[in-house]
Amino acid sequence: MSTRPFLRIDNIRKRFGPIVASDGVSLEIEEGEIHSLLGENGAGKSVLMSMICGMVRPDEGDIVYKGQPVSFASPRDAIRQRIGMVHQHFMLVPNLTVAENYILGQGSALSVISDMDKVHRKIRALSERYALDVRPDAIVEDLSVGEQQRVEILKVLFHGIDLLILDEPTAVLTPQETDRLLCLMSDLVKDGKTVVFISHKLDEVMRVSNRISVMRDGRVVHTVKVGETNARELARMMVGRDVRMELPRNPEPPGPIVLSVENLACRAENGIPAVRGVSFDVRAGEIVGIAGVSGNGQTELSLALSGLLPVDTGRVVLNGKEITGLDPAAINARSFSHIPEDRHKHGIVLPLSLSENTILQRYDQKPFATGGMLNGRVIAEHTRDLIKRFRVKSRDENQPIAALSGGNQQKLVVARELARNPDFILVNQLTRGIDIGAMEFVMEEMLKQRDSGRAILLISTELEELFAICDRILVMFHGGILGELPPDRTRLDELGLLMAGNKEQPAPAG
Amino acid sequence: MDDMMLLTFLATLVGAAWRLATPLIFASIGEVFSERAGVLNIGLEGTMLVGAFCGFAAASATGNIPLGLLAGVAGGMLFGLVFAFFTITIKADQIVVGAALNLLGMGLTAFLFRTYYVSTGKGIDIAQPVHIPWLSDLPFLGEAFFRQNLIVYSTILAAILATLVLYRTSFGLTLRAVGEHPKAVDVAGRSVPGYRYAAVLVGTGFAGLGGAFLTLGHSNQFVEGMTSGRGFIALAVVVFARWSPIGAFFVSLLFGLFYALQLMLQAQASIVVPYQVLQALPYIMTIITLVVFRGKGAAPSKLGQPYEMR
Ligand SMILES: Nc1ncnc2c1ncn2[C@@H]1O[C@H](COP(=O)(O)OP(=O)(O)OP(=O)(O)O)[C@@H](O)[C@H]1O
Ligand SMILES: [Mg+2]
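Quick caveat, the model's predicted, so the values are computed rather than measured. (Residues numbered from 1 in each chain as written. Chains lettered and ligands numbered in written order. Predicted model: local features only at pLDDT ≥ 70, side-chain atom pairs only at ≥ 80, totals over all residues. Heavy atoms only, no water.)

Trainee: How do you make sense of the sheet that holds strand β11 (residues 257-267) of chain A when you look at a structure like this?
Mentor: Each strand in a sheet pairs with another by means of backbone hydrogen bonds, the pair being arranged parallel or else antiparallel. Residue and element names in this part refer to chain A. Spatial strand order, β12-β11-β14-β15: 4 strands in an open sheet with antiparallel pairing. A strand with exactly one partner marks an edge of an open sheet, and here the two such strands are β12 (273-283) and β15 (321-322). Where strand β14 (residues 311-318) and β15 come together, 2 bridges link them in antiparallel fashion. Each residue of the ladder has a partner; that of Leu318, found in β15, is Lys321. This element, helix α9 (residues 298-305), spans β11, β12 and β14 of the sheet and lies at about 120° to β11. (Pairing = 2+ DSSP bridges. Helix = DSSP H or I, 4+ residues; strand = E, 2+ residues; numbered from the N terminus. Contact = heavy atoms within 4.5 Å. Axes fitted to C-alpha atoms, helices over the stretch in contact; angles between N-to-C directions.)

Trainee: What should I look at first to understand the interface of chain B and chain A in this one?
Mentor: Accessible area lost upon the coming together of the parts is a frequently used measure of interface size. Contacts between the two partners involve 20 residues from chain B, matched on the other side by 24 residues from chain A. Carbon and sulfur atoms make up 63% of the surface buried where chain B meets chain A, a total of about 1900 Å² over both sides. There are 1 salt bridge connecting chain B and chain A. A salt bridge links Arg176 of chain B to Glu100 of chain A, with the shortest nitrogen-to-oxygen separation between them at 3.8 Å. Elements with a minimum of two residues in the side of chain B that touches chain A: α7 (170-180) and α8 (182-187) of chain B. A class-by-class count of the residues in the side of chain B that touches chain A yields 8 nonpolar, 5 polar and 7 charged. (Buried area = accessible area lost by both parts, 1.4 Å probe. Salt bridge = Lys/Arg side-chain N within 4 Å of Asp/Glu carboxyl O. Nonpolar A, V, L, I, M, F, W, Y, C, P; charged D, E, K, R; others polar.)

Trainee: How should the packing of aromatic side chains be read in this particular structure?
Mentor: This model, assessed by the stated rule, comprises 17 aromatic pairs over all chains. Seen in terms of ring centroids, Phe336 of chain A and Phe424 of chain A are 5.2 Å apart; in terms of plane orientation they differ by 55°. Their pairing is tilted. Residue Phe336 of chain A is located in strand β16 (residues 336-339), and its partner Phe424 of chain A is located in strand β19 (residues 424-428); the two are separated by 88 residues in the primary sequence. Residue classification places Phe424 of chain A among the buried positions, given a relative accessible area of 0%. Summarising the aromatic geometry, the rings of Phe53 of chain B and Tyr117 of chain B are spaced 5.8 Å apart at their centres and angled 75° between planes, so their arrangement reads as edge-to-face. Taken together, the residues span a long stretch of sequence, with Phe53 of chain B in helix α2 (residues 44-62) and Tyr117 of chain B in the loop between α4 (94-116) and α5 (141-145) at a distance of 64 residues. Note on Phe53 of chain B: relative accessible area 7%, which makes it buried. Among the aromatic residues, those joined into a ring-pair cluster are Phe53, Phe56, Phe113, Tyr117 and Phe222 of chain B. In this arrangement the basic side chain of Arg391 of chain A is found over the ring face of Phe441 of chain A, its NZ or CZ atom lying 5.0 Å from the centre. (Phe/Tyr/Trp six-rings, centres within 6.5 Å; stacked < 30°, edge-to-face > 60°. Buried < 20%, exposed > 50% of the residue type's maximum accessible area, 1.4 Å probe, protein only. Lys NZ or Arg CZ within 6 Å of the ring centre and 35° of its normal.)

Trainee: Please clarify how the layout of surface pockets should be interpreted in this entry.
Mentor: Empty space among the atoms can be located by rolling a probe the size of a water molecule over them. Residue and element names in this part refer to chain A. Approximately 1100 Å³ is the volume attributed to the second largest pocket. Lining the second largest pocket we find 39 residues, and of these Lys201, Asp203, Glu462, Leu463 and Glu464 sit closest to its centre. Per-element tally for the lining of the second largest pocket: the top contributor is helix α16 (residues 463-469), with 5 residues. The class makeup of the residues in the lining of the second largest pocket is 16 nonpolar, 10 polar and 13 charged. Two domains share the lining of the second largest pocket, each providing at least three of its residues, namely domain 1 (7-229) and domain 2 (247-335 + 424-510). (1 Å grid on protein atoms, 1.4 Å probe; cavity = no way out; pocket = protein on both sides within 12 Å on 5 of 7 lines; lining within 4 Å. Points joined across faces, edges and corners; volume = space filled by probe spheres on them. Domains from an automatic or database assignment.)

Trainee: Would you explain the site of ligand 1 in this entry?
Mentor: Near ligand 1 there are 19 residues, and of these Gly42, Lys45, Ser46, Val47 and Ser405 of chain A occur at the shortest range. Residues within reach of ligand 1 are spread across chains A and B. In this structure, His200 of chain A approaches ligand 1 through a side-chain N or O atom, which is 2.9 Å from an oxygen atom. Here ligand 1, which alone exposes 640 Å², has 90% of that area covered by the protein. For the shell around ligand 1, the leading source of residues is helix α1 (residues 45-52) of chain A, giving 3 residues. When the residues that make up the shell around ligand 1 are grouped by side-chain class, the tally is 6 nonpolar, 9 polar and 4 charged. When we break the shell around ligand 1 down by domain, the ones giving at least three residues each are domain 1 (7-229) and domain 3 (341-421) of chain A. (Near = heavy atom within 4 Å. Polar contact = N/O pair within 3.5 Å; in protein donor to acceptor, adjacent residues only side chain to side chain. Areas by Shrake-Rupley, 256 points an atom, 1.4 Å probe, with all protein chains shown as cover.)

Trainee: In this structure, what is going on with the nonpolar core? I would like to understand it.
Mentor: Across soluble globular proteins, nonpolar side chains have a tendency to be buried as a group. One finds Leu48, Met49, Ile83, Leu163 and Met185 of chain A together with Ile29 of chain B to be the most contacted residues of the largest nonpolar core, which totals 162 residues. When residues of this core are assigned to their parent elements, the largest contribution, 14 residues, is made by helix α1 (residues 3-36) of chain B. For Leu163 of chain A, the residues in contact, after removing those within four places along its chain, are Phe6, Leu7, Ile52, Tyr65, Arg82, Ile83, Gly84, Thr194 and Val196 of chain A. Counting 42 residues, the second-largest nonpolar core is a separate cluster that includes Leu247, Leu386, Val392 and Ile425 of chain A. (Core = buried A, V, L, I, M, F, W, Y, C linked by side-chain atoms within 4.5 Å.)

Trainee: Would you take a moment to explain a positive patch on the surface for this structure?
Mentor: Residues and elements named next belong to chain A. Residues Lys118, Arg121, Lys122 and Arg124 make up a contiguous surface patch of positive charge. By the element assignment, Arg124 lies in helix α4 (residues 116-129). Residue Arg124 is classed as partly exposed on the basis of its relative accessible area of 40%. (Patch = residues over 30% accessible without salt bridge, like charges linked within 9 Å, V, L, I, M, F, W, Y side chains within 5 Å. Lys, Arg positive; Asp, Glu negative; His and termini not counted. Charge placed at Lys NZ, Arg CZ, Asp CG, Glu CD.)

Trainee: Looking at this structure, I do not really get the pattern of salt bridges. What am I missing?
Mentor: Any two side chains of opposite charge can pair if their charged atoms end up close together. Residues and elements named next belong to chain A. What the rule picks out here adds up to 35 salt bridges over all chains. Here Glu397 makes a salt bridge to Arg384, at a shortest N to O gap of 2.9 Å. Residue Glu397 is located in the loop between α13 (376-389) and α14 (406-419), and its partner Arg384 is located in helix α13; the two are separated by 13 residues in the primary sequence. The exposure class assigned to Glu397 is buried, which follows from its relative accessible area of 10%.

Trainee: How do you make sense of α1 of chain A when you look at a structure like this?
Mentor: Side chains three or four residues apart in an α-helix point the same way, a direct result of the helix having 3.6 residues per turn. Residue and element names in this part refer to chain A. For α1, the buried fraction is high: 7 of the 8 residues fall into the buried class. Along α1, the residues classified as buried are Lys45, Val47, Leu48, Met49, Ser50, Met51 and Ile52. Once α1 finishes, Gly54 follows within two positions and takes phi at roughly 85°, a positive value.

Trainee: Looking at this structure, how should I read the side chain of Ser302 of chain A?
Mentor: Residue and element names in this part refer to chain A. Tracing the backbone through its elements, the reader meets Ser302 in helix α9. Classification of Ser302 as buried rests on a relative accessible area of 2%. Reaching out from Ser302, the side chain makes a polar contact with the backbone oxygen of Thr299 at a distance of 3.0 Å.

Trainee: What am I meant to see in α13 of chain A here?
Mentor: All names here are of chain A. Over its 14 residues, α13 extends 20 Å from the first C-alpha to the last, a length consistent with the 20 Å expected when each residue adds 1.5 Å. Along α13, the positions that sit buried rather than exposed are Ile379, Ala380, His382, Thr383, Leu386 and Ile387. Take α13 and look down its axis: the buried residues cluster within an arc of 165°, on one side only. Among the exposed residues of α13, those oriented more than 90 degrees off its buried face are Arg377 and Lys388. The inward-facing, buried residues of α13 contact α12 (354-358), β18 (373-374) and α14. Just past α13, the residue Arg391 takes up positive phi, approximately 50°. (Expected span 1.5 Å × (residues − 1). Arc of directions from axis to C-beta.)

Shown next, in the form of structure tokens:
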């Protein structure tokens with residue numbers, strides 16, 4: 001390995017209006033390493049990587065790559081220099097095939113697409129080599145999120161790269177898919193590639209990295225070798241204080257039933273039965289978790305409860321009144337909060353401001369509106385209050401929410417839903433994209449809600465999240481509920497078996 | 001009606017349908033390009049009028065029909081350039097600009113026509129049906145399919161060519177991607193505004209050609225507002241055709257059939273429906289189509305939205 005760094009970022013600055021996203025950041029990446037990037041939401045990780053791959057131009061500073069200073073006008077320039085990035089939000093055209101996506105923008109604009117066979121062969125060969133299981137003729141929109149991600153990674157490999165940047169690739173993956181991705185990263189490094197990996201999950205970072213850099217407020221504050229640190233220390237470097245992994249809990253027994261679900265069944269958007277006769281209750285002052293490998297009906301369950309998907313059979317009763325089959329607006333009006341899985345689809349309206357997003361469900365109610373007119377001052381104050389309490393990193397309440405980093409958008413959604421003081425809160429993926437400092441805070445807030453008598457249903461694929469705050473955990477498999485467990489970490493094996501669809505009790509050890 | 005008469009009626013109907021569908025075919029194929037790239041150009045009506053007028057003006061000056069058609073295309077594209085500048089460069093609302101261009105097209109052509117041509121009252125020699133040996137003389141089939149002028153025949157070529165460009169070239173692939181996920185195109189290193197300009201110009205060029213057919217291949221005169229809603233019907237055709245050029249061809253034929261039917265029924269003394277009702281037929285069918293096929297399933301997902309680079 002050469003002594004000079006493979007990629008050197010020197011004192012880069014980037015501002016968006018008054019917001020400083022990169023404040024003189026410097027970083028060195030060595031050839032053939034997996035270098036992880038950690039940092040709180042809005043620390044500037046995505047922006048920094050966008051500058052390396054030509055999406056965003058730095059205001060000041062140098063990027064030296066393979067010993068040469070470079071300046072990319074577009075991602076295509078970066079790809080020519082063999083730098084490729086897989087973005088937090090995929091860059092795939094949904095109605096085209098995988099192969100068509102790969103040749104998009106290649107060759108002269110006037111050329112006739114002729115040698116598709118050759119492209120297909122090349123994709124198949126690469127797919128086999130890295131065991132990615134990508135079919136070149138599949139239409140992208142028919143693929144699951146995990147598959148689309150493999151398509152994205154293979155796209156970068158297809159274009160031939162030496163440096164691969166992955167921005168929060170595991171946020172949307174199941175644990176199995178995550179394992180697979182981490183293995184792939186190691187394989188790529190064995191093939192002589194270099195990988196930069198962004199993640200909020202410390203265990204993943206500890207598992208695959210050679211070195212880890214921590215960003216704070218637009219700067220790299222620490223770079224450490226993986227052998228010389230541990231998760232606890234990393235957390236402290238990120239947040240600047242100790243992060244508690246265990247939260248204290250109030251042992252108060254739960255109150256009366258708030259939400260009752262009886263024999264609920266519904267179909268996915270494609271018409272296939274997804275939830276098959278599910279029954280459970282959620283009481284005031286308890287958090288009920290639903291664990292499961294994603295794709296076992298959790299998405300449809302949460303959509304059906306919130307009125308976004310028609311119910312086939314069964315009943316949903318909230319506070320003694322049936323809400324089955326009501327439309328989302330009617331359910332919203334019944335003291336029912338929803339933190340959705342896909343915030344861009346069901347949680348926020350990207351081009352609208354933070355203020356407008358915080359009153360999405362209540363724009364016509366007092367005190368936000370009187371006599372059909374919006375009260376700008378009240379709305380702004382309310383939004384500023386939420387921003388402050390949940391530490392949403394933003395310029396002001398009038399900024400479009402699209403300009404916020406992913407984790408900060410999520411924080412605002414959580415803040416909004418809790419501020420409505422609902423009796424029941426439906427949460428699907430509470431901490432998706434949120435950094436560990438904010439995660440602790442958000443989970444504490446959920447516990448506070450529980451202690452003040454709210455009923456909470458927490459659907460999650462993150463077992464840590466479930467163990468940390470749930471009172472009991474239901475396991476969903478194949479659209480049904482297979483069993484119930486207390487949040488006892490020692491029974492992790494049992495939980496794993498249930499999640500895999502295995503109903504028998506594990507044989508007693510010894 | 002006896003069988004012979006019915007057959008003759010049908011043959012004439014089909015022949016007329018294709019002729020009457022021709023402007024729709026051109027305009028809707030063009031609009032498919034534009035919408036696939038995410039640009040909804042409701043200014044088709046005005047653009048077609050400009051094409052009709054330019055075609056007429058050029059042909060009456062030179063007596064040359066191909067030159068007239070070319071002028072129609074050029075006029076349409078010039079108009080499209082204005083639309084593209086406001087919607088793509090300035091990022092103004094596409095509907096508002098389109099509506100403004102419709103008004104401009106109607107006003108401008110009426111003004112120019114009245115100023116320079118109305119007093120002359122002179123028509124032009126329009127494109128004549130080509131006689132294809134043997135085929136044109138077939139009973140019934142000849143009347144239905146083989147007594148058209150070259151412009152009408154060229155609609156088949158246009159549909160095939162458009163399909164090849166859209167699905168078999170790098171340009172077409174990128175164009176389709178621009179309407180679905182412009183950022184992906186940007187990241188792939190192609191200019192989104194560039195492709196949108198190109199799509200609008202192709203679209204308005206075709207609309208201009210469709211308009212020019214009205215003056216050069218159909219009636220021999222320019223008449224104010226002579227497109228009478230064809231530009232809007234073309235918009236409906238695109239939806240019904242699910243944004244496919246071949247689909248646009250056949251759906252346009254269907255609408256052509258309504259036009260032809262309405263004309264021929266008016267001529268039948270035995271039918272007592274008021275002629276206004278018959279005249280409304282194509283428009284009623286448009287509304288019905290739009291209601292029945294309202295599903296947005298196949299619509300480009302960024303249709304009507306300007307693209308913001310960051
Ligand atoms: N296009 C933009 N316009 C304005 N501000 C922006 C823009 N893109 C990023 N920012 C701001 O720059 C800062 C850094 O954002 P960045 O997306 O890099 O954060 P991040 O570290 O990736 O956070 P997360 O972990 O939440 O993804 C944030 O405060 C964000 O609001
Ligand atoms: Mg980010």
